[in-house]
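Each chain, letter by letter, is given below.
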Protein chains: 2
Amino acid sequence: MQGLMQDYPLTLPHFFHRAERLFPKKHVATNTPGGIERITYGEWADRTRRLGAVLEALGVSPDGRVGSFAWNTARHLELYFAVPCTGRVLHTLNLRLFPADLTYIINHAEDEVIFADRSVAALLAPLLPELTTVKHIVIMDDGKGDVPDDPRIVDYEKLMADAKPVEFNVTDENQAGSMMYTSGTTGKPKGVVYSHRSMWLHTMAVMVHDVLGVSEVDTILPVVPMFHANCWGLAHAAVASGANLVMPGADLSPPTLVDLMVSEKVTMAAGVPTIWMGVLPLLAGRDLSSITKVLCGGSAVPKSLSEGFREAIGVPITQAWGMTETSPIASTGHIKSYLQESMSIDELADQRATVGLIAPGVEFRVVEPGTVSPLPWDGVTSGELQVAGPWIVRDYYNHPGSQESFTPDGWLRTGDVAVVDDEGYIKLVDRTKDLVKSGGEWISSVELENEIMAHPKVAEAAVIGIAHPKWDERPIACVVIKAGEELTKDEVLDHLRPRVAKWWLPDDVVFIDEVPKTSVGKFSKKTLREKFVDYTLPTA
Amino acid sequence: MQGLMQDYPLTLPHFFHRAERLFPKKHVATNTPGGIERITYGEWADRTRRLGAVLEALGVSPDGRVGSFAWNTARHLELYFAVPCTGRVLHTLNLRLFPADLTYIINHAEDEVIFADRSVAALLAPLLPELTTVKHIVIMDDGKGDVPDDPRIVDYEKLMADAKPVEFNVTDENQAGSMMYTSGTTGKPKGVVYSHRSMWLHTMAVMVHDVLGVSEVDTILPVVPMFHANCWGLAHAAVASGANLVMPGADLSPPTLVDLMVSEKVTMAAGVPTIWMGVLPLLAGRDLSSITKVLCGGSAVPKSLSEGFREAIGVPITQAWGMTETSPIASTGHIKSYLQESMSIDELADQRATVGLIAPGVEFRVVEPGTVSPLPWDGVTSGELQVAGPWIVRDYYNHPGSQESFTPDGWLRTGDVAVVDDEGYIKLVDRTKDLVKSGGEWISSVELENEIMAHPKVAEAAVIGIAHPKWDERPIACVVIKAGEELTKDEVLDHLRPRVAKWWLPDDVVFIDEVPKTSVGKFSKKTLREKFVDYTLPTA
């Protein structure tokens, strides 16, 4: 027996229409070199409809890919809706990609037009001769930067000036709406293609009280880029709920971010740990009473960072976990009511060091790699985290050989190693490929790094496995000493001895100037391993 | 181009598994004649799985209809999930239906088994000879009442004792999961059939911050029956979010409700206006500091009632609007942040007297009846409220001739007359069929009733249209005087004169003992009109 409810498609124009009709007085503020530019959702909606006409005028195919190469700005938000709401597919390009990868993904996605901020256009222009499908680059003037001279380069505002608003209507909820490529620590970047349905459902989840709880009363500062991990769904949810947005533009320096938080009375801000590490020392003496949520994800959040925020502004960091492949919100750090009541301050801080509870809409299991059998929720047994749900990817775009990322029953293998406590909180302990396999047992490089980084003289630390004739692999620690401090190998090992199992102790400690980072700011173990390709263990 | 996200079905087992795995320590408290009975979601989940085996043992067809004839209890919540999660369809029966309607809908839905509370079993037993498809009545012992002697009658707990837990898995999101019949002010009751998809999406919406914002931190008292309007989605959302539930059972008396709110530290309670009118005088001196939301819907909420709550406990009433046909949550009274900041206390009270903003997921328009062209949002122009969305009904169950309830483009004609203000807030002014058509113009019976009920000596008032040779129809007011008071026709008309247009003044005022009510407690204009079928206007 079938239900008798309307066959109403879950597509993005629904949320666009909400902002346009219900919240035309709310606004998007964009920070620019010339100061704050503020437009209302009413003005934004009109411009977004006109952008629909621009896409038509540029001759973009009905389901053509439209690249964006831009910071978080109101214009980028126009692209976020105009492209999918006219049936096309927005392809957000990571500003920090290496040129070869950028060329590869633009050609692979067959982008027909790329909308680029003027401040970064110079990064894109040299690639033009190799971009086989790109007919135009549209420059969005964000205040500075050189515009290369090329007949294919046109100006956003000139195109918009003549454009008439169009109607938005998408009826197939499984149609693609946007795509982004994962930075790919191995092999070629892989394209994740979001459907209208997945974005619609993810947007609802982001507005769910215990997930992120985005509300009309919020003023949201997404420091997390719109070109990375779907901006954690905040751009879509702000439009759907009528929340104000504060777009930081190109300047992500901690002092500027703090100024924005104060002057715009931000309630909710989201960024990676390094952002909040930079912001924390600047909070003293500032009025941040408007803040209700500081969201953090992308890599492990040190307990000291979260507690630092709690002590400085009364609001601890809320962790969220996800990946580009999971839209990205898969879990968030809601603390259950009875834990809030019964736990000590320190226990609560430990609980917040997990990535929280799985979001409604997502299923997860932690399994012995190579199986699909869930491991016990005992807070100790670790295994690979796998997820399923309507906003989880089922395949990569035209990428043969990607079946290794999925289980036989269709779940995503996240590559994260996790333990689950008896309350269902997920704690990430490593990436599967970053585990050090020693004598048939696993050593968690992330746990070792966290312990080493707790040393007051350590700025950063990364642990990698080095081939060993007897043990298969043994860990070495690559340590960055804080400026002005001195530290020895023995001091590091002495610090670790009471904190980890004896056989986890690194076979060597190497001091380096900095830990190499990926294009999205994470530790690049791949680059680090390449650096140590000729290194021989003292114990080998 | 299609998206590449998982084809993950939106079905109810997902939410069941959340409560079972993530919130097994949270609880459902049921008020019974013997006191509070409390079971955890862990115990509830085990019982719900065993109920799945009971349905199998009773021989219910794979998609068979299973009736419930019960108060709000933990057992009713077992049915709410066990029936749809085994692929069957829960048919909640309204305890207050007239016997002929009850017989009609049970036979029309072809219920195979009915689960009935012992306290109401005696209402059902006399119908047994006419129930052509019912094989068993399963008695759920709620503390009192006679169990008729009939071989088809069996005991819930005896069946459960032997049952082994079953697995839940539903893969088709468009499959039916539950159904309820509308009370039907004209003609036969009409069946609304919810799909798993519609209930899944509606549950997510109910958890969205600005809709109802149901959270794990909540303790929810649904006074609204589980057999009416899908319990406003609160039963499903509590399970999905891990909120505690307080089930009032058979005793809905105001003193008992207030006691429950205090002793169970209820945060969110939901009921119709008459419930809160009874509760309001009992709030003084009680500790209701746990309350964060008092939800009200079903009929117009007098401003004085909402303000009474605000003054008594610091929390005004939040209105919600919907119908059985809309799952039911279609709009809720979120007040926009800038209105909160700029409006006076009295203006805010007026804003709360609307039914609020349309929920994300629902589209609405107010049109001149007979058209699909939206009327302006000017706060004045009224028309028929029509809605569309994934949890709005598209047709009634096996009910020929129901196309009059839908527009040519498939939207639901709600039968409500509404105006919309320039902020998008919807205000209901009448039911289309209760409008009085006088001289080609409409008179709102609801507005007249509200004005009359504002008179300090009036307990209740209902306005109906009476045939008139010249004007087509003219209004008369049927007024119930407060106990111990006296009131004349002229006093009522004098009270109205400065408040309504002269041509709206009723042609007569008739004093009655009470306004007849429907099975769900609303004014039954149909019954009132029947009473006045032989009445002749003094002006005719």
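In this text the structure is predicted, and so the values were computed from the model without any measurement. (Residues numbered from 1 in each chain as written. Chains lettered and ligands numbered in written order. Predicted model: local features only at pLDDT ≥ 70, side-chain atom pairs only at ≥ 80, totals over all residues. Heavy atoms only, no water.)

**With respect to the overall build of chain A**
So, step 1. Secondary structure assignment for chain A yields 16 helices and 25 strands.
So, step 2. Projecting the C-alpha coordinates of chain A onto the three principal axes gives extents of approximately 70 × 60 × 55 Å.
So, step 3. Nonlocal contacts in chain A, meaning residues at least 24 apart in sequence, comprise 67% of its contacts between residues at least 6 apart.
So, step 4. By element, 52% of the accessible surface of chain A is carried by carbon and sulfur atoms, the whole surface being about 20,000 Å². (Helix = DSSP H or I, 4+ residues; strand = E, 2+ residues; numbered from the N terminus. Contact = heavy atoms within 4.5 Å. Areas by Shrake-Rupley, 256 points an atom, 1.4 Å probe, with all protein chains shown as cover.)

**Looking at the domain arrangement of chain A**
Residue and element names in this part refer to chain A.
So, step 1. Each assigned domain of chain A is listed here: domain 1 (37–171), domain 2 (360–432) and domain 3 (435–531).
So, step 2. Inter-centroid distance (C-alpha atoms) of domain 2 to domain 3 is 25 Å.
So, step 3. Every contact between the two is made by 7 residues of domain 2 and, on the other side, 8 residues of domain 3.
So, step 4. Together domain 2 and domain 3 conceal approximately 540 Å² of surface at their shared face, both sides included; 53% is due to carbon and sulfur atoms.
So, step 5. The largest share of the area that domain 2 buries against domain 3 comes from V429, D430 and T432, three residues that together contribute 68% of it.
So, step 6. Here domain 2 and domain 3 share 0 salt bridges between them.
So, step 7. If you look at where domain 2 meets domain 3, you find 3 residue pairs in polar contact (both at pLDDT 80 or more).
So, step 8. Here the side of domain 2 that touches domain 3 takes 3 residues from strand β20 (residues 426–431), the largest share from any one element.
So, step 9. For the side of domain 2 that touches domain 3, the residue count by class is 3 nonpolar, 2 polar and 2 charged. (Domains from an automatic or database assignment. Buried area = accessible area lost by both parts, 1.4 Å probe. Salt bridge = Lys/Arg side-chain N within 4 Å of Asp/Glu carboxyl O. Polar contact = N/O pair within 3.5 Å; in protein donor to acceptor, adjacent residues only side chain to side chain. Nonpolar A, V, L, I, M, F, W, Y, C, P; charged D, E, K, R; others polar.)

**Describing the nonpolar core**
So, step 1. In this structure, L77 and F115 of chain A together with L77 and F115 of chain B are the most contacted members of the largest nonpolar core, which totals 198 residues.
So, step 2. If we ignore the near neighbours within four places in the chain, the residues touching L77 of chain B are V28, Y41, W44, M226, A235, V239, L245 and M247 of chain B.
So, step 3. The next biggest cluster of nonpolar side chains, apart from the first, holds 53 residues, and it includes F69, L124, I137 and L221 of chain A. (Core = buried A, V, L, I, M, F, W, Y, C linked by side-chain atoms within 4.5 Å. Buried < 20%, exposed > 50% of the residue type's maximum accessible area, 1.4 Å probe, protein only.)

**Side note on the pattern of salt bridges**
So, step 1. One pass over the structure, following the stated rule, counts 64 salt bridges over all chains.
So, step 2. Residue R197 of chain B pairs with E173 of chain B through a salt bridge whose shortest N-O separation is 3.0 Å. With a gap of 24 residues between them, R197 of chain B in helix α7 (residues 196–207) and E173 of chain B in the loop between α6 (156–161) and β8 (176–182) connect regions that are remote in the sequence. For the pair formed by R197 of chain B and E173 of chain B, the shared burial category is buried.
So, step 3. Bridged by salt links that share partners, the residues R47, R75, E78 and E157 of chain A form one connected network.

**Description of α7 of chain B**
So, step 1. Compared with an ideal rise of 1.5 Å per residue, which puts 12 residues at 16 Å, α7 of chain B spans 17 Å between its outermost C-alpha atoms and is within 8% of the ideal.
So, step 2. Counting buried residues in α7 of chain B gives 12 out of 12 residues, a clear majority hidden from the surface.
So, step 3. The elements touched by buried residues of α7 of chain B are α7 (196–207) of chain A together with α1 (13–22), α3 (74–85), β8, β9 (190–195) and α8 (234–241) of chain B. (Expected span 1.5 Å × (residues − 1).)

**As for the packing of α7 of chain A against α7 of chain B**
So, step 1. Contact pair α7 of chain A / α7 of chain B: the axes reach a minimum separation of 7 Å and the direction vectors enclose 40 degrees. Viewed along their axes, α7 of chain A and α7 of chain B form a crossing whose handedness is left-handed. Contacts from R197, W200, L201, M204, A205 and M207 of chain A of α7 of chain A reach α7 of chain B at R197, W200, L201, M204, A205 and M207 of chain B.
So, step 2. Grouping the constituent residues of the contact of α7 of chain A with α7 of chain B by class yields 10 nonpolar, no polar and 2 charged. (Axes fitted to C-alpha atoms, helices over the stretch in contact; angles between N-to-C directions. Left-handed = near helix turned anticlockwise from the far one by under 90°.)

**Digging into the pairing of strand β6 (residues 136–140) of chain B**
Two faces make up the sheet, and in a regular strand the side chains alternate between them.
All names here are of chain B.
So, step 1. For β6, the buried fraction is high: 4 of the 5 residues fall into the buried class.
So, step 2. Note that strand β5 (residues 111–117) and β6 share 5 bridges and pair parallel. Across the sheet, F115 pairs through a bridge with V138, a residue of β6.
So, step 3. Sheet topology places β6 next to strand β7 (residues 153–155); 3 bridges connect them, and they run parallel. Within β7, the position partnered with I137 by the bridge is I153. (Pairing = 2+ DSSP bridges.)

**Digging into the interface of chain A and chain B**
So, step 1. Taken together, the 75 residues of chain A in the interface contact 75 residues of chain B.
So, step 2. Taking both sides of the interface into account, the surface hidden between chain A and chain B amounts to around 6,100 Å²; carbon and sulfur atoms contribute 59%.
So, step 3. On the chain A side of the contact with chain B, M1, M5 and Q6 of chain A bury the most area, a combined 16% of that side's loss.
So, step 4. Counting across the chain A and chain B interface gives 48 residue pairs in polar contact (both at pLDDT 80 or more).
So, step 5. Contributing elements (two or more residues each) for the side of chain A that touches chain B: α1 (13–22), β8 (176–182), β9 (190–195), α7, α12 (337–342), β16 (357–358) and β18 (383–388) of chain A.

**What about the relation of the copies chain A and chain B?**
So, step 1. Least-squares fitting of chain A to chain B yields an RMSD of 0.1 Å, with the transformation described by 0.0 Å of translation along the axis and a rotation of 180 degrees. Between the two chains, the operation in question is that of a two-fold axis. Closest approach to the rotation axis within chain A is made by the C-alpha atom of V208 of chain A, at a distance of 2.0 Å.
So, step 2. By residue overlap, the copies meet face to face through one surface: 100% of the interface positions of chain A are interface positions in chain B. (Least-squares fit on C-alpha atoms with pLDDT ≥ 70 in both.)

**Some remarks on the confidence of the model for chain A**
So, step 1. On average, residues of chain A score 94 in pLDDT, and 99% of them reach the 70 mark or higher.
So, step 2. The ipTM for the predicted assembly is 0.90, set against a pTM of 0.91. (pLDDT = per-residue confidence, 0-100.)

**Focus: the packing of aromatic side chains**
So, step 1. Throughout the structure, instances matching the rule amount to 22 aromatic pairs over all chains.
So, step 2. Measuring from ring centre to ring centre gives 5.5 Å for F16 of chain A and W44 of chain A, while their planes differ by 50 degrees; the resulting arrangement is tilted. Highlighted residues: F16 of chain A in helix α1 and W44 of chain A in helix α2 (residues 41–57), separated in sequence by 28 residues. In this structure, F16 of chain A and W44 of chain A share a single accessibility class: buried.
So, step 3. Their ring planes at 85 degrees and their centres at 5.5 Å tell us that W44 of chain B and F81 of chain B sit as a pair that is edge-to-face. With a gap of 37 residues between them, W44 of chain B in helix α2 (residues 41–57) and F81 of chain B in helix α3 connect regions that are remote in the sequence. You'll find W44 of chain B and F81 of chain B in the same group, each marked buried.
So, step 4. The structure contains a cluster of three or more aromatic residues connected by ring pairs, namely F16, Y41, W44, F81 and F168 of chain A.
So, step 5. Just above the ring of Y396 of chain B sits the side chain of K190 of chain B; from NZ or CZ to the centre is 4.6 Å. (Phe/Tyr/Trp six-rings, centres within 6.5 Å; stacked < 30°, edge-to-face > 60°. Lys NZ or Arg CZ within 6 Å of the ring centre and 35° of its normal.)

**Considerations on the sheet that holds strand β6 (residues 136–140) of chain A**
Residue and element names in this part refer to chain A.
So, step 1. An order of β7-β6-β5-β3-β4-β8-β9 is seen for the 7 strands of this open sheet, with the pairing classed as mixed. The two strands at the open ends of the sheet, each matched to only one other strand, are β7 (153–155) and β9. Pairwise comparison of adjacent strand axes, ignoring direction, gives a mean angle of 25 degrees for this sheet.

**Some words on the pairing of β8 of chain B**
Residue and element names in this part refer to chain B.
So, step 1. Counting buried residues in β8 gives 7 out of 7 residues, a clear majority hidden from the surface.
So, step 2. Across 2 bridges, the pairing between strand β4 (residues 89–92) and β8 is parallel. The residue of β8 that forms the bridge with H91 is M179.
So, step 3. Across 6 bridges, β8 lies against β9 in antiparallel orientation. Following the sheet pairing, M180 is matched in β9 by V192.

**A look at the state of the cysteines**
Note: disulfide means a covalent bond formed between the sulfur atoms of two cysteine side chains.
Residues and elements named next belong to chain A.
So, step 1. Enumeration over the complete set of coordinates arrives at 0 disulfides over all chains.
So, step 2. C231 takes part in no disulfide bond, and the closest cysteine sulfur, belonging to C296, lies 14 Å away.
So, step 3. Look at C231 and you get buried, because its relative accessible area is 0%. (Disulfide = S-S within 2.5 Å.)

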